[in-house]
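# Reading the structure
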Amino acid sequence: MTLTTMKRNLPALFRLFVTVLLSVSVVLPFVFQTLAEEIVESKKCKDLLLGQYLCAEPEIDPDTQQPRGCSKDKKVANVTCKTAPEVVCDGSTNVTFQLEVPCKWTNGHSFETALLLSVFLGMFGVDRFYLGYPAIGLLKFATLGFMFLGQLIDILLIATQVLGPSDGSSYVLDYYGAATARIIKDNDTYLFPGD
């Protein structure tokens, strides 16, 4: 096509360009809307962010003070959750689903009992026998709590929940009580440099 032919066909080229733009502007919103719907529908309920669902309070076992269903192996319990209004997961709205929450497995060792035994009978090693450490209990008994220094150290260790039962379980504490959680720094954590 030469320059003179293009000048003569300019209105036709302009009409073709406008027609293409109009057809694209009609089709593109439909394509983007379809893609957005597919992305929203493919979201799993377990991947929702906090605030996009509401969970019921877990059913607390009165003996262990932990959610029912907490086991030694998994250390998680299931709670029933419902999505917030207009939040879509698993392809629909107003979905009820099960979410796993962490729990602390307990084996019946009471925190209050361990602390009271350590304060009043720690010099005889009764606290260590209660927690499942018979060898240290015998040493404390034979040396009168390592001359009361071992008793003082055990009171601090039990009060701060550093020393727990020997089977690896947690103390029985009120579910909404003053439990501690250890923060561990390893290769998966990142420490921000100070200013």
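Criteria and thresholds
Position numbers for residues count from 1 along each chain, tracking the sequence in the order it is written. Residues qualify for local features only when their pLDDT is at least 70, as the model is predicted, and side-chain atom pairs are given and counted only at 80 or more; totals for whole chains, interfaces and linings, by contrast, use all residues. Side-chain measures were taken over the full set of non-hydrogen atoms in the model, leaving aside hydrogen atoms and water. Strands here mean DSSP runs of E at least two residues long; helices mean DSSP runs of H or I at least four residues long; both are numbered from the N terminus. Here, two residues are considered to be in contact whenever any of their heavy atoms come within 4.5 Å of each other. Surface accessibility in these figures is a Shrake-Rupley result with a 1.4 Å probe; residues are shielded only by whichever protein chains are displayed. What makes two strands pair is DSSP finding at least two bridges between them. Lines fitted to C-alpha atoms define the axes here, with helix axes fitted over just the stretch in contact, and angles between the N-to-C directions of these axes take values from 0 to 180 degrees.

Turning our eyes to something else, we now look at the overall build of the protein chain. Looking only at helices and strands, one finds seven helices and seven strands in the protein chain. In sequence order, the secondary structure elements of the protein chain are arranged as α-α-β-β-β-β-β-β-α-α-α-α-α-β. Residue pairs at least 24 apart in sequence account for 56% of intrachain contacts in the protein chain once pairs closer than 6 positions are excluded. Roughly 14,100 Å² of accessible area belongs to the protein chain as shown, and the carbon and sulfur atoms make up 66% of that amount.

Strands sit in the order β1-β2-β5 across an open sheet of three strands; the sheet is antiparallel. Each of the sheet's edge strands pairs with one partner strand only, and the pair in question is β1 (53-55) and β5 (96-102). Across the sheet, the mean angle from the axis of one strand to that of its neighbour is 45°, orientation sign disregarded. For β1 and strand β2 (residues 76-83), the ladder comprises three bridges, and the chain directions are antiparallel. Residue Tyr53 lies in a different strand from β2, and its bridge partner there is Thr83.

By themselves, these observations are geometric and do not establish any function.
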